[in-house]
Amino acid sequence: MPLPTLPDPLRRQRGFLNPNIAKFIGLSILGLGIAGALLVVYALIFINPRLPSLDLITDYRPKVPLRIWSEDKVLLGEFGEEKRSLVKLDDIPADMKNAVLAIEDYRFYEHGGIDWIGIARALVTDVLRGSASQGASTITMQVARNVFLTKEKTFSRKLYEVLLANKIEHALTKDQILEVYMNQIYLGQRAFGFAAAARTYFGKDLKDVSLAEAAMLAGLPKAPSAYNPIVNPKRAHIRQQYILQRMLDVGFITQAQYDKASKEELKVRAPGSQYTVHAEYVNEMVRQMVYAQYKEDTYTQGFNVYTTVNAADQQAAYLAVRKGVMDYDRRHGYRGPEETIELPSNAEDRASAIDNVMDDHPDNDDILAAVVVAASPKQIDAVLRNGDKISVKGEALRFVASALSEKAKKDVRIGPGALIRVMQDAKQNWQVVQLPQVEAALVSVVPQDGAIRALVGGFDFAQNNFNHVTQAWRQPGSTFKPFIYSAALEKGFAPASIVNDAPVSYPAGPGQPNWEPKDDETPAGPITVRTALQKSVNLVAIRTLDYIGVPYAKDFITGTYGFDADKVPPYLPMALGAGQTNPLQLSAAYSVFANGGYKIQPYLISQITDARGKVLSKAEPLIVGNGAPRVVAERNSYMMTNLLKSVAQRGTGARSNSIGRTDLAGKTGTTNDAVDGWFAGYQRTLATVVWMGYDQPKSLGGMEFGAQLALPIWVDYMAKALKGVPQFDQPAPDGIRFIDGEPYYDNFTPNNGLVTNVGVTVVDAISNFFGWTPSQTPAAPGTAQPAPNVPGSAPGSPGAAPSPSGTRPQSDNARRFLDSTNQGH
């Protein structure tokens, strides 16, 4: 049967487009064309004239933080809401540029600011996936958005972005656009630009990042919070691997480079540890000084502050203070865990509980928080913040043995759930420690011009930002005695002058008992000034001050050495350091001894430049031989250095001999009840002061002295700071005369104006000569007897008294009573 014939309209529909549909499509295209035309007209008439000026890019001046540098150009710290480091495109490694281009806009150098091919590809992908999964923003469009626009997702904003991108492309070269992008883009952790991000995440300059690190950084622009290697290391690693694959796919790297980079283990810096040198107290001092001059511009104008601090010396000072404080803390026993929590039996709940308690106890540099999961007298098992499990055993448990005992009190006992502190020793073995309660400070100054080479204001700035170098006014103790003897030299004293180390009594106020100062050691009778200073004998210093007069001594010391007159008491306890000073002021005072008698002013900032390197201000220090005023005769400083070398070599500072130098001089100091421990000392090129004590003054311990507290810190620091520095043997200046090995002023010699003895009676001299017990009868204050033939040490040796011709042979007992010892304060 023949098939029926179809009507014409139906037959036409099989082979041709339905006229209704065709009409719809045609009208749609026409409408889109008209809409496009109107949009272009609208853009040209209304939007284009309102586009912002490109000055923000062509004269690019973003907010740049204050940066603080050491004198040898090591970055010490920065302050500002935004971390930025502006770099030229030529200084950005090729791997870094290629990593960014591969993931953000690999056709950057081919399109004119809007990548129409990329847009088409993104549209197709989005249609196929049924969602907006791919964007099509070029680097130029991102620059437009980041510099000028918000991130709101509206049609008008996108239109502005396209027009701005076109305008930018006509105003700048491709390299200039890429340079702005690489410096402007936000990359998390307050870091803007890849140079700042390299330091934030890896602690290195951008020029030094590896291919693997560059790929990690290139993954940040899409979502800094999601791909941040500090916050989300796993997601950051996944994106890094994807970027490396993209670089391989587009031909930016070889297969061998890919294989190596994909396997590289990255070491991401912990938050707050992006600087290689601990200089937190220095940074805060600088910030305050700069802010006082520039106010809020301090944090946005990109000032570079170059300090006088030497990076190696600063780190040596930090480590020395840290070790000295930890050693003291260990000597005084374990105080117990910082907190103890209940450990849930469920593994997930237990991990959560450990994380929560860790949040309240941040790590302190290499002193880490750990939660104990098992404990016995033989071993402690604990978990660190990062989840690592560690064990403490053997000798490392001795410090906390009592806390592991069944009899230990609850607040001291170490058991499961206890939050303790641990650190690794030199052999990488774990040991239990604790955060110290005591504080210490160190400051080191160049005596010739006052440049501060190192400054540590406390054990840890995050724990206590009180700067003990500049803010802690404490009694200097026996470190003040050298200034008494310096004043005495101008009144006729010499190192060989004899002063009676015997009990003495001074009237006090009405109704008050007499003041009867004492020493820790039994009085030795008549001894030389040299021996008295070596042994830090209180009674000799007091008799000397009484002899020369308190008003004279105070005026001389404050006028010569720069101590505040209102902080130096006008009475005899001044000889024992009863006034107040701080480590910085004391370092300046000891610098006068070190530099030959010139007054210098410690300073920290050598110069300040703006972001473009223009010098805004520069220090003009007073330098020895070039503007620094002479405040005391050179022979005085020479004589004091001669005396203080004896202290460092054979006296209370003898521990300094471990450095292996003979040009060190200094003095220990311990205040009443060992509330403060000091050591102030110097070599020709560095004057360094160390202090230790509690913020709320209390005793450091009955057996603690400056020699045990501060001197070890001083030695550890100076051994490193003076490495490679030549020995300095100061020649005797004019006005010095040697007799039997002892120096004298040439106008104060035996039988020629020299104060040969103070407070020594004939009975005292005879009794000491024959080895009898020294007289216990106090001499009248201020009495000076004619010079008897009092024997001293062997002629020519340190501490030897002058030996007038014709005196009888000296007995062994007589020699011994003037000999130097290594004991005292």
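Residues numbered from 1 in each chain as written. Predicted model: local features only at pLDDT ≥ 70, side-chain atom pairs only at ≥ 80, totals over all residues. Heavy atoms only, no water.

### Thoughts on the overall build of the protein chain
As a reminder, the rule being used: Going along the chain from the N terminus, every DSSP run of H or I of four or more residues is numbered as a helix, and every run of E of two or more is numbered as a strand. Burial here depends on accessible area, computed with a 1.4 Å probe over protein chains only, as a share of the maximum for the residue type. Under 20% is buried, over 50% is exposed, and the range in between is partly exposed. Any pair of residues with heavy atoms lying within 4.5 Å of one another is described as a contacting pair. For every accessible area listed, the method is Shrake-Rupley and the probe measures 1.4 Å; residues are considered covered only by the protein chains on display.
Per the secondary structure count, the protein chain includes 25 helices and 23 strands. Among the 825 residues that make up the protein chain, the fraction classed as buried is 52%. Taking all contacts inside the protein chain whose residues are at least 6 apart in sequence as the whole, residues at least 24 apart take part in 71%. Approximately 38700 Å² of the protein chain is accessible, and the part contributed by carbon and sulfur atoms is 53%.

### A short note on the packing of helix α9 (residues 194–202) against helix α10 (residues 211–218)
Selection rule: The angle between two axes is taken between their N-to-C directions and runs from 0 to 180 degrees, where each axis is a line fitted to C-alpha atoms and a helix contributes only its stretch in contact. These descriptions rest on fixed angle ranges, namely under 35 degrees for roughly parallel, over 145 for roughly antiparallel, 65 to 115 for roughly perpendicular, and the rest for oblique. Crossing chirality is assigned from the near helix's rotation relative to the far helix, an anticlockwise turn below a right angle marking it left-handed and a clockwise turn marking it right-handed.
At a closest axis distance of 11 Å, the pairing of α9 and α10 adopts a crossing angle of 110°. On the basis of the axis angle, α9 is roughly perpendicular to α10. For the pair α9 and α10, the crossing hand works out as right-handed. Contact residues: α9 offers F194, A197, A198, Y201 and F202, while α10 offers E213, M216, L217 and A218.

### Looking at the sheet that holds strand β15 (residues 525–528)
Condition: Strands are labelled as partners when DSSP assigns at least two bridges between them.
Taking strand neighbours across the sheet as the criterion, the three strands line up as β15-β14-β23 in an open arrangement whose pairing is mixed. A single partner strand is all that each edge strand has here, and the edge strands are β15 and β23 (757–758). Of the pairings in the sheet, the one linking strand β14 (residues 498–501) to β23 comprises two bridges and is parallel in character. Looking at β23, one finds that V499 is bridged to V758. Lying over the sheet, helix α18 (residues 538–548) contacts β14, β15 and β23, oriented at roughly 125° with respect to β14.

### Overview of the confidence of the model for the protein chain
Put simply, the test is: What pLDDT expresses is the predictor's confidence in each residue, scored from 0 to 100.
Put simply, the protein chain has an average pLDDT of 84, and 80% of its residues get 70 or more. Across residues 9–15 the pLDDT falls below 50, and counting only partners more than four positions away or on other chains, this stretch makes four contacts in the model. Residue range residues 772–825 is modelled with pLDDT below 50. Its contacts to residues more than four positions away, or to other chains, number 132 contacts.

### So, helix α15 (residues 347–359)
What counts here: The length a helix should cover is 1.5 Å for every residue beyond the first. Regarding the arc, it is the one traced by the directions from the helix axis to the C-beta atoms. What qualifies as a polar contact is a pair of N or O atoms within 3.5 Å, subject to a donor-acceptor requirement within protein and to the restriction that residues adjacent in sequence count only when both atoms come from side chains.
The first and last C-alpha atoms of α15 sit 19 Å apart over 13 residues, in line with the 18 Å expected at 1.5 Å per residue. Within α15, the full set of buried residues consists of A353, I354, V357 and M358. Buried residues of α15, viewed axially, fall in a sector of 135°; they line one side. For α15, the exposed residues set more than 90 degrees away from the buried face come down to E348 and D359. A side-chain oxygen of the first residue of α15 lies 2.9 Å from the backbone nitrogen of E348; this N-cap is N346.

### Focus on the sheet that holds strand β13 (residues 452–456)
Read across the open sheet, the five strands follow the order β13-β12-β20-β19-β18; overall the sheet is antiparallel. Either end of the sheet is taken by a strand with one partner, and the two such strands are β13 and β18 (665–670). Strand-to-strand twist across the sheet, computed as the mean angle between neighbouring axes with direction ignored, equals 5°. Bridge count for strand β12 (residues 439–445) against strand β20 (residues 686–693) is seven bridges, and the pairing is antiparallel. By the bridge assignment for β20, A440 is matched with M692.

### Things to note about the environment of W714
Relative to the elements of secondary structure, W714 occurs in helix α23 (residues 711–721). On the accessibility criterion, W714 (0% relative accessible area) is buried. Sequence separation between W714 and A680 is 34 residues; the distance between their C-alpha atoms is 8.3 Å. If sequence neighbours within four positions are ignored, W714 has contacts with S656, I659, L664, A665, F679, G681, Y682, T688 and V690.

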